[in-house]
Each structure stands twice: as structure tokens, then as C-alpha cells.
Amino acid sequence: MISVQSASLRRGRKLLFSNASFTIHAGEKVGLIGPNGTGKSSFFLLLKKQLELDSGELNVFQGLIAATDQEISHNNENILNYVLDGDEELRFWQRRYDSALTENNTAEIGRATDELDKRQAWQSDTKAKQILAGLGFATDDFDSPMDSFSGGWQMRLNLARALMCPADILLLDEPTNHLDMDAILWLEQWLKAFTGTLIVISHDRYFLDSLTTHTLHLNQQTLLRYTGNYSAFEKLLAERIQLEMSQQQQLEKKQKHLQKFIDRFRYKASKAKQAQSRVKQLEKLGTVVITQQSSPYSFQFADPGHMPNPLCRMENLSIGYPDKMIAERINFSLQPAERIGILGRNGAGKSTLLKTLVGDLAPLSGECWQSPKTEIGYFNQNQLASLDVNASAFEIMQRHFSADSQQQTLDYLGKFGFSGDQVTGPSGHLSGGEKSRLVLGIIIRKQPNLLILDEPTNHLDLQARDALTLALQDYAGALLLVSHDRYLLETSCDDLWLVKDQAFSRFNGSIHDYSLATLDSSTANTSDKKPTDERKLRRQSAAQQRQKLAPLKKVLRTIENKLDKQTKRLDEINNELAEERMYIEENKAQLKKCLLEQAELKQQLEITELEYLEQLEVMSQLEKD
């Protein structure tokens, strides 16, 4: 149990929180959330006794605490031993056992053996290998030295080392930051089985919702405890904000705008199961709209204007490096307003594909073409490091958009949460989240008609992620998104494509389906058993379901095409009727004809939409059955 009573904490002159009182009971799984810079990591330092309260009491009534090390270790130790060292008591008794054997001390051998048995030492290598495999390391990696891995993979090893410890309290600070989706899904299952107390700092709402039973919210110098996961907390927060808000009309306007978008999008949503999943998530975005009222961020995409068709095309494309083929025989064309999420394990080739598309990497063979009128907005993590560290955010924006006045630049930066020293100080002093927001601000300001985002939410706090999610709903251009943030993928993408086994192909399912398939694959890979009868039946049932739904999907596609044609023609008629020339005397006959056709098309469109919704309901019922 962890007890906090009337606690206050300062770092230098900055007050992080005051008069905090709450209890965390043994076995609870707690999400610690709040904007970047509010003191979440400092709270972890308190629990590890590396900081002291300025006033009040903090008592920890449980034993062993394990935490992820945020520093990269520079040594030549092989990674299996590095992870095993996470269980310090186990390693202590292993050394005692080895020493006793050398000295032939029978009594000490017996004592050490008993202690090792208590700690299940004979299974420790297996446990460490399972953790490493779950976090994405290959068997061949186990004997490799730490120094042979990049910083991101070394952070995975720090996480593995913390998981190896038989802790009573486990403290995880942004554990998903350097993981791909497959590793995140494995980690969720591991932590669900963890019987101790878990406190996790994360900006991944799906991860928090899947794991946590309680929420600690640190914001505006208060630290409060809530019952429930992140979504439950967000709902409570939204209700509180609604009661406090004086700008009710503005809120209603935003919610109506979102609802109009949902209604407009819904009838087009049969082309992929992911699109159906997106509709469900969009309907829940009303809560995010409310909580964003108190957010310092307000991202907004302007209309990108003309969009060529297609924006880009890949024909018989092979991608990779001179000494390594990543994927081949890629055939893909991107149409205006398509929104595609790209899935795949780390190293499968997602980022390589995007680099090839934007021209940062030459194709190995085949064609990678983009229209001369395609305007790309490309976000990747390397752009953060390439910012001029001596220039301020203000100076960087002015360099890109010199036609903007100083006040326009200041106002624009304010929408991305920049104020005071963040605006005028060197960008080298900005945090990772602040640099990400600055780069996103530059990209959004350029009004691209093709947005290519490679892990845009890394370093962003939950409020900034929500601001990006809401902004993407209004974005009228095409989107290619690589992200381990399942919520962002599900709310922003209509289709999913998968990079796997050197191929790039459509994934016929939702994010939830991909998660299940990944977990099934992970279970199969870590088990020596043959597939069970239950798993075979599940696969057969899924095949029968697809066969049953195939004719209905064909009908839905036909209706969709009909809807598109009717909508396009109605838009043409409306554009004609908006012209002044239609209302002069000599065009009276043409005006009458257009009005009649407009009325007829509206009626036809209503009938077609009704037909579509009926078929969609039938398909939904069949999927449930």
C-alpha cells in the first residue's frame, strides 16, 4: 500500500503539487497522467526515495520497487545477462551458490540452493528469454552485447530488466515509447498477469484503458485519484468541465460540427472493417471535444485546395537498401482523401516505404511516382534532431513563412502551446514533445494535400494527441499514417495496409482484428504445442463468416458507387445553380431543368442512402451472429 497525506512538492521554485492526499492499495494498476512538465516523473523519484516532500507524508508499505531506467547503459555485457541482472536477489544467491561450489562448502551450497528454489531460479533463463522475445528481440540477439543496439532498443532492454524483477511495486515511465504495436500488445498481456502494484506513466489511451483500474491526474498543481481507467476519468472530467464552462454555445457548435462529419462519413464506411470501427470511435469523440476545451492546443488544417488523382503511384516497386531487400512487387495507388494506416512489426519496412515515397530513399527497382501537383507534408522523428538548436521557435517559423507578420506567427505558435521562453528561447532547450509540436505546426501551416506521418505521437502528451486526432477529422487531404497509437489509427484511418514478409497488401480487418491476430501469432511462436482444435475451429468459423458476408459486401460496393455518382452529380448541379448567369432571363429554361434535376437527385440520394443503411444493418447483424 502507498499512502500520501497532505503532500506538497517543489522542484526549484516551481510548485508541482500541494495538499495531495490519496491511497494506492496493493494490487491496483494505476495510470499516472497529466501534461508534460507537471511532475509525473518527479512523483516516481519520490516513491524511489530519490526525492523528498517539501511537506506532508509519503509512506510505502510494500517491499521491492522496480522501475525502468531512463538512461542508456554503455557496456559490453550480453543482453540476456543484462536482463537477468534485473532480479538482484536471484543474482546474489547465484553468486553465493557458485562461490560455495568453488569452496566446496556443503552447508552454504544447501542454503543457497534453498534460496534459489524459492526464487524459481531454474526457470529464470526461460523467463528472461520470454520477455526479450515479447519485446521484439530475436533468439540470435540474446548473446549480443548491449552496445550493439540503438538507443531505442536499449530502452527496450531497460524495460525488460524491470519486468524481470519480482517486484511488489512496478513503476513504468512511458514504457510504450520505443515499442511497435506487436510489442505493446505483448506487454499489455504481461502486465495484466502482474500481481503486484503497477503505476504507469503513459500517453497511450488504449494501453491505459486496457490495463488500469485507477487514475492519478496531475495538473495545475493538484494530484487527484480517480476510480477507473483513462476513459472513465475522461468522462468524469468532461462532466466537470461542462458544469464549469461559460462558453456553452461554442462547445455545442463544435459538437454539431463533429456530428455532421460523422453523419457524412457513415454511409461511405463499408469499404473496410476498419472504417466501421472508425465510425464507432468517432461517435465517442464528443467527450474529447469537451475535455479539449481546457487544452492549450488548437491544431487546425486549412483546405489543401487542388488534389490530383492519383496523388502517387507505386508499380512493381522494390524497396530497401543495397545489401538488404525490405519489400518487393509493391503495387499501390493513392487517391484523394484516402486515409490509410500502415501496420507491421518494427523492421518490417513501414518507415522504409515512406522514405521511398517522399524521395529520401531510392527504389531498388520499379516505379515510385507522384504527381507534380502533390504537396507532401512529411513528419518523422529525424526532423526533430534537424531543427536549428540555436534558433527559437519564432525564428524557425519566420524562416518558413516569411510573409507572416510577427503577430501572426506568435498567434499561430500559441495554438500549438508555445508561450514565453518556448517562443523566444533556443529550440535546443525544447523538450521532445515541444519539438514535435513545432514540426507538426510547420507541416500543418504548409497546407499539404498528402499528409505522411511516421510516429507523430511520440513525445506528445495526451492533450496534444487529442488535438491532433480532432484536427485530422477535418483534414480534407489524403493520409498515410504509421503509428503504434491504436486510438489515433482507429479514429483517423478508413483502411489498413500491412507490411509483412517482404510484401505490402491490404489488411482486411480493424485494429482490433490486427491485435487479436498479433496475439495469436505471439502465442503460437512461444509455444511448442500444435494449434489446438479450438484455434482451428476459430479459423474455420472466420472463413465461413467471410464467405457469408462476401455477397453482401459486393452489394454494398455497388450502392456506394451509386451514391458517389449521385453525390457528384448533385454537387455539379449545386455549383451551376450558384452561378449568377443561371438567373438571367435567357437561361430560364436551363434553370428550371437544373432545379427539377436537383429535386430528383435529392430524392434519389435519400432512397439510396436508406437502402445503404438497411444493407449495412443486415451486415452488422450477420457479423454479430
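Just above sits the structure.
Nothing here was measured: the structure is a model prediction, and the numbers come from that model.

A. Fine view of the side chain of Ser202. Tracing the backbone through its elements, the reader meets Ser202 in the loop between strand 7 (197-201) and helix 8 (205-211). Of note is the side chain of Ser202, whose polar atom sits 3.0 Å from the backbone nitrogen of Asp204. In this view, Ser202 contacts Leu32, Ile33, Glu174, Thr176, Phe207, Leu208 and Leu462; residues no more than four positions away in its chain are not counted.

B. Geometry of the side chain of His484. Mapped onto the elements of the fold, His484 is located in the loop between strand 16 (478-482) and helix 20 (486-492). By relative accessible area, His484 is classed as buried at 2%. Engagement of the side chain of His484 in a polar contact is seen with the backbone oxygen of Leu179, the distance being 3.4 Å.

C. Focus on the packing of aromatic side chains. By the definition in use, this model includes 16 aromatic pairs. Ring centres of Tyr297 and Phe299 lie 6.0 Å apart, and the angle between their planes is 50 degrees; on these two criteria the pair is classed as tilted. Phe299 matches Tyr297 in its accessibility class, with the two residues each being buried. Taking 5.0 Å as the distance between ring centres and 35 degrees as the angle between the ring planes, the aromatic pair formed by Trp497 and Phe504 counts as tilted. The rings of Tyr297, Phe299, Tyr412 and Phe416 are connected pair by pair, giving a single aromatic cluster. The side chain of Arg161 reaches across the aromatic face of Tyr82, ending 4.4 Å from its centre. Looking at Arg313, its charged tip hangs above the ring of Trp369, at a distance of 4.5 Å from the centre.

D. The arrangement of the sheet that holds strand 16 in detail. Judged by pairing direction, the sheet is mixed, and its six strands sit side by side in the order 14-15-16-12-17-18 without closing on themselves. On the outer flanks of this sheet lie strand 14 (376-379) and strand 18 (503-506), each paired with one strand and no other. Ignoring which end each strand starts from, the neighbouring axes of this sheet average 15 degrees apart. In the sheet, strand 12 (residues 339-343) pairs with strand 17 (residues 495-500) via four bridges, with the strands oriented parallel. Bridge pairing links Ile340 to Asp495 in strand 17.

E. Just the nonpolar core, in detail. Ranked by size, the top nonpolar core spans 46 residues in total, and within it Phe299, Leu343, Leu413, Phe418, Leu438, Leu451 and Leu453 carry the most contacts. Of all the elements, helix 18 (residues 432-445) adds the most residues to this core, at six residues. Setting aside residues up to four positions removed in sequence, Leu451 forms contacts with Phe301, Gly377, Ile443, Leu472, Tyr475, Ala478, Leu479 and Leu480. Listed in part, the 43 residues of the second largest apolar core include Ala66, Leu135, Phe137 and Leu237.

F. Geometry of unusual backbone geometry. Each neighbour pair has its own omega, and for Asn309 with Pro310 the value is 0 degrees, a cis peptide bond. Along the chain, Pro310 falls in the loop between helix 12 (285-291) and strand 10 (312-321). One non-glycine residue with positive phi stands out, namely Ser6, at about 50 degrees. As for its position among the elements, Ser6 is in strand 1 (residues 2-11).

G. Geometry of the environment of Leu211. With respect to the secondary-structure elements, Leu211 resides in helix 8. Put simply, Leu211 and Gln189 are 22 residues apart on the chain and 8.8 Å apart in space, counted from C-alpha to C-alpha. Those residues in contact with Leu211 that sit more than four places away from it in its chain are Lys29, Glu188, Leu191, Lys192 and Leu198.

What counts as what
- Residues numbered from 1 in each chain as written.
- Predicted model: local features only at pLDDT ≥ 70, side-chain atom pairs only at ≥ 80, totals over all residues.
- Heavy atoms only, no water.
- Helix = DSSP H or I, 4+ residues; strand = E, 2+ residues; numbered from the N terminus.
- Polar contact = N/O pair within 3.5 Å; in protein donor to acceptor, adjacent residues only side chain to side chain.
- Contact = heavy atoms within 4.5 Å.
- Buried < 20%, exposed > 50% of the residue type's maximum accessible area, 1.4 Å probe, protein only.
- Phe/Tyr/Trp six-rings, centres within 6.5 Å; stacked < 30°, edge-to-face > 60°.
- Lys NZ or Arg CZ within 6 Å of the ring centre and 35° of its normal.
- Pairing = 2+ DSSP bridges.
- Axes fitted to C-alpha atoms, helices over the stretch in contact; angles between N-to-C directions.
- Core = buried A, V, L, I, M, F, W, Y, C linked by side-chain atoms within 4.5 Å.

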